[in-house]
Amino acid sequence: AKNMLYATWIGLTSASLVPLLAEFDTSIIEQSLLATTITVGSLGMVAWTAPSQKFLNLGGPLSIGLGGLIGTSIIQSFNPGLVALDLVRIYGGIGVFSLFILYDVQMILERAKTEYKFDPINRSLDVYLDALNFVSSIFQLDLPKAIPLGCIFSTGFFTSLIIRTSVPLVIM
């Protein structure tokens, strides 16, 4: 029953992303999803192979960063013309949720070792929500407009994907 509820919840939250299909070009969606997959997978591997409890000390600073993101969203709802604040929110979201992925993966590993009755479904929700927030920040970044590679040199799909995927990792 719990697995069915988990699958239903994942399906419903994924269905909430369907309006993005109408808002963005399919190439933006493809590149954003691939960039998110590569980044989340890479960060997960870094957290998995890192020494024990290396990223678990980030809990306090991540809470402050999340509070800052919420604050910028509230300020921007009252004054939507602040472009600099929008960029802080987008790039800050990429950085904060990248660090949250590191933190949550290490938290899952630590709890798997210490909890008597470990529940992987409840623990995986944190990483899923981190990835969902990360892809939301990448969508808001609007990669081809934010990093216009065509004006610098001619690139193919995979070259531009590699370059645009490395930008969030470098920002972090």
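Residues numbered from 1 in each chain as written. Predicted model: local features only at pLDDT ≥ 70, side-chain atom pairs only at ≥ 80, totals over all residues. Heavy atoms only, no water.

Here's the deal with the overall build of the protein
When its secondary structure is counted, the protein shows eight helices and zero strands. Along the protein, helices and strands appear, N-terminal first, in the series α-α-α-α-α-α-α-α. Across the 172 residues in the protein, those meeting the buried criterion constitute 35%. For the protein, contacts bridging at least 24 residues in sequence account for 75% of all contacts bridging at least 6. Only carbon and sulfur atoms are counted for the fraction: they give 69% of the accessible area of the protein, which is about 10,000 Å². (Helix = DSSP H or I, 4+ residues; strand = E, 2+ residues; numbered from the N terminus. Buried < 20%, exposed > 50% of the residue type's maximum accessible area, 1.4 Å probe, protein only. Contact = heavy atoms within 4.5 Å. Areas by Shrake-Rupley, 256 points an atom, 1.4 Å probe, with all protein chains shown as cover.)

Side note on the pattern of salt bridges
Once their charged atoms are close, side chains differing in charge can pair, the charge on each being opposite to the other. One pass over the structure, following the stated rule, counts three salt bridges. Note that glutamate 115 and arginine 123 form a salt bridge whose closest N and O atoms lie 3.0 Å from each other. (Salt bridge = Lys/Arg side-chain N within 4 Å of Asp/Glu carboxyl O.)

Considering the packing of helix α1 (residues 2-15) against helix α6 (residues 120-141)
For any two helices packed against each other, the geometry is given by the interaxial angle and the distance between the axes. α6 packs onto α1 with a crossing angle of 5° between their chain directions and a minimal axis gap of 12 Å. Comparing the axis directions of α1 and α6 gives the class roughly parallel. Contacts between α1 and α6 involve Lys2, Asn3, Tyr6, Trp9, Ile10, Thr13 and Ser14 from the former and Ile121, Asn122, Ser124, Leu125, Tyr128, Leu129 and Leu132 from the latter. Residues of the contact of α1 with α6, tallied by class, amount to eight nonpolar, five polar and one charged. (Axes fitted to C-alpha atoms, helices over the stretch in contact; angles between N-to-C directions. Parallel < 35°, antiparallel > 145°, perpendicular 65-115°, else oblique. Nonpolar A, V, L, I, M, F, W, Y, C, P; charged D, E, K, R; others polar.)

Let's talk about the packing of helix α4 (residues 59-78) against helix α5 (residues 83-114)
Relative orientation of the contacting elements α4 and α5 amounts to 155°, with a least axis distance of 10 Å. The angle between the axes of α4 and α5 places the two elements in the roughly antiparallel class. In this structure, α4 crosses over α5, and the sense of that crossing is left-handed. Here Gly59, Leu62, Gly65, Leu66, Leu69, Thr72, Ser73, Ile75 and Gln76 of α4 lie close against α5, whose contacting residues are Leu85, Asp86, Val88, Arg89, Gly92, Gly93, Val96, Phe97, Leu99, Phe100 and Tyr103. (Left-handed = near helix turned anticlockwise from the far one by under 90°.)

What to know about the side chain of glutamine 76
Among the structural elements, glutamine 76 can be located in helix α4. Given the relative accessible area of 12%, glutamine 76 is considered buried. Every residue in contact with glutamine 76, bar those within four places of it in the chain, is listed here: Leu82, Leu85, Asp86 and Arg89.

Looking at α6
End to end, α6 covers 32 Å across 22 residues, agreeing with the expected 32 Å (1.5 Å per residue, within 8%). Within α6, the full set of buried residues consists of Ile121, Val127, Tyr128, Asp130, Ala131, Leu132, Phe134, Val135, Ser137, Ile138, Phe139 and Leu141. (Expected span 1.5 Å × (residues − 1).)

As for a nonpolar patch on the surface
Residues Leu66, Ile70, Ile74 and Phe78 make up a contiguous nonpolar surface patch of about 420 Å² in total accessible area. You can see phenylalanine 78 is positioned in helix α4. (Patch = residues over 30% accessible without salt bridge, like charges linked within 9 Å, V, L, I, M, F, W, Y side chains within 5 Å.)

Looking at the confidence of the model for the protein
Per-residue pLDDT for the protein has a mean of 81; in total, 82% of the residues score no lower than 70. Per-residue pLDDT stays below 50 along residues 146-153; that stretch engages in nine contacts with residues further than four places along the chain or on separate chains. (pLDDT = per-residue confidence, 0-100.)

Description of the side chain of threonine 72
Position of threonine 72 relative to the elements: it lies in helix α4. Each residue touching threonine 72, except ones within four places of it in the same chain, is listed here: Leu85, Val88 and Arg89.

Details of the nonpolar core
For soluble globular proteins, the rule of thumb is that nonpolar side chains tend to be buried together. The biggest cluster of nonpolar side chains holds 23 residues, and the ones touching the most others in it are Phe100, Tyr103 and Phe134. Contributing elements (two or more residues each) for this core: α3 (26-49), α4, α5 and α6. Sort the elements by how many residues they give to this core and α5 lands first, with 10 residues. Leu20, Ile28, Ile29 and Val135 belong to the second-largest nonpolar core, a separate cluster that totals six residues. (Core = buried A, V, L, I, M, F, W, Y, C linked by side-chain atoms within 4.5 Å.)

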